[in-house]
Each structure stands twice: as C-alpha cells, then as structure tokens.
Amino acid sequence: MPHIGLITLVVRDYDAAIAFYTDKVGFELLEDTDLGDGKRWVIVGPKGAQETRILLARASGERQTCIIGDQTGGRVGFFLNTDDFTRDYDRMRQAGVPFLEQPRHEPYGTVAVFEDLYGNKWDLLELKTKPTTDLAR
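Residues numbered from 1 in each chain as written. Predicted model: local features only at pLDDT ≥ 70, side-chain atom pairs only at ≥ 80, totals over all residues. Heavy atoms only, no water.

Per an unreviewed UniProt entry, the protein goes by the name Extradiol dioxygenase and belongs to Thalassospira lohafexi.

### Quick notes on the packing of aromatic side chains
Applying the stated criterion to the full structure yields nine aromatic pairs. Seen in terms of ring centroids, Tyr21 and Trp122 are 5.9 Å apart; in terms of plane orientation they differ by 50 degrees. Their pairing is tilted. Here Tyr21 is found in helix 1 (residues 14–24), whereas its partner Trp122 is found in strand 8 (residues 121–127), with 101 residues between them in sequence. Both residues of the pair, Tyr21 and Trp122, count as buried. Three or more aromatic residues link up through ring pairs in this structure, and these residues are Phe20, Tyr21, Phe27, Phe78, Phe85, Tyr89, Phe99, Phe114 and Trp122. (Phe/Tyr/Trp six-rings, centres within 6.5 Å; stacked < 30°, edge-to-face > 60°. Helix = DSSP H or I, 4+ residues; strand = E, 2+ residues; numbered from the N terminus. Buried < 20%, exposed > 50% of the residue type's maximum accessible area, 1.4 Å probe, protein only.)

### With respect to the sheet that holds strand 4 (residues 53–58)
With mixed pairing, four strands are arranged side by side in an open sheet as 1-4-3-2. Whereas interior strands pair on both sides, the edge strands pair on one side only; in this sheet they are strand 1 (6–11) and strand 2 (27–36). Between one strand axis and the next, the sheet turns through 25 degrees on average, direction left out of account. Contacting strand 1, strand 2, strand 3 (39–46) and strand 4, helix 1 crosses the sheet at an angle of about 10 degrees to strand 3. (Pairing = 2+ DSSP bridges. Axes fitted to C-alpha atoms, helices over the stretch in contact; angles between N-to-C directions. Contact = heavy atoms within 4.5 Å.)

### Observations regarding the sheet that holds strand 5 (residues 76–81)
Ordered in space as 5-8-7-6, the four strands form an open sheet in which the pairing is mixed. At either margin of the open sheet sits one strand with a lone partner, and together these are strand 5 and strand 6 (104–106). Taking each pair of neighbouring strands and ignoring which way they run, the sheet shows an average axis angle of 35 degrees. Inspection of the sheet shows strand 7 (residues 109–115) paired to strand 8 by seven bridges, in the antiparallel sense. When the bridges of strand 8 are listed, Ala112 appears paired with Leu124.

### Let's talk about the UniProt feature "domain: VOC" (unreviewed entry) in the protein
According to UniProt, the positions carrying the feature "domain: VOC" (unreviewed entry) are residues 3–127. With 22% helix and 42% strand, the stretch residues 3–127 has end C-alpha atoms that lie 20 Å from each other. (UniProt positions renumbered as here; feature names shortened; annotations may be inferred.)

### Things to note about the pattern of salt bridges
Inspection of the entire model under this criterion finds seven salt bridges. Linking Arg87 and Asp88 is a salt bridge whose minimum nitrogen-to-oxygen distance equals 3.0 Å. The exposure class assigned to Arg87 is partly exposed, which follows from its relative accessible area of 43%. The exposure class of Asp88 is buried, given its relative accessible area of 12%. Residues participating in the shared-partner salt-bridge network are Asp83, Arg87, Asp88 and Arg91. (Salt bridge = Lys/Arg side-chain N within 4 Å of Asp/Glu carboxyl O.)

### Quick look at the side chain of Asp116
Structurally, Asp116 is set in the loop between strand 7 and strand 8. One polar contact links the side chain of Asp116 to the main-chain amide nitrogen of Gly119, over a distance of 2.9 Å. Polar side-chain contacts of Asp116 include one of 2.9 Å to the side chain of Asn120. (Polar contact = N/O pair within 3.5 Å; in protein donor to acceptor, adjacent residues only side chain to side chain.)

The following block contains the structure:
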C-alpha cells in the first residue's frame, strides 16, 4: 500500500536545520550524504518513525530562497503527533522551540502551534481519535 515516505522542507542552512530538528524538536538525523557541489541528502524524522520523514533541502536560487519559512502560505503546514503532549511540549519549550500559543484542548485533542527556525508553522498535537480533514487551518 502506498505511503508518504519523504516531504521536502526548504532550508537556508543544512547544519542549522539539523541542529534545530535534532536538538530542539527531538528528531533523529537519519541520513546526511554529501552529493557534491555543496549539496547534501539530509533526512530527519521523529525517533522510531517507520515511514514519513523530512528531507532538508538547502535553497538553490532566489525563487527557493523566497519561500523559506513560508512554504504553506502562513498556514500550519506540518503536524507533529505525540502520545504525550505535556512531555513533548515541556521538553520542546525548555529546548527553546518558540510556541505561538498556549496549549488548547479541542474536541479532537490537545494542540499548540510552534515555529521552526525559519518560521514554518507546526502543530504539536495529541489526538483523541483518528485524524480528520477538519484539522487543516
């Protein structure tokens, strides 16, 4: 059965993005391969994740540079599900992840929006039930 294996996140700097996602968000660095000419194949993902991961791609040219931090037009574009909201929220805040709001208790679960180092918006989310299409903002 098909599944999403990688999504690409355009970043300004490989090492800064790796540091943010591993040291602050708590992801693992799964691959960092030099492709030559300053390009790297960099994959990060939640610890223990078996499928969906993030390819960190350094911007190349003005067009790509312009979308860093705004790849979803200012909307929450990424959803980090957790089985223990309080644990991960507290750990991420202590690590310096900027949350844009206090945790909210919604009918679908507990959620708070945070930004990555470039301003992309993420939901940290502990779902009560299966995700629905109604979660997109």
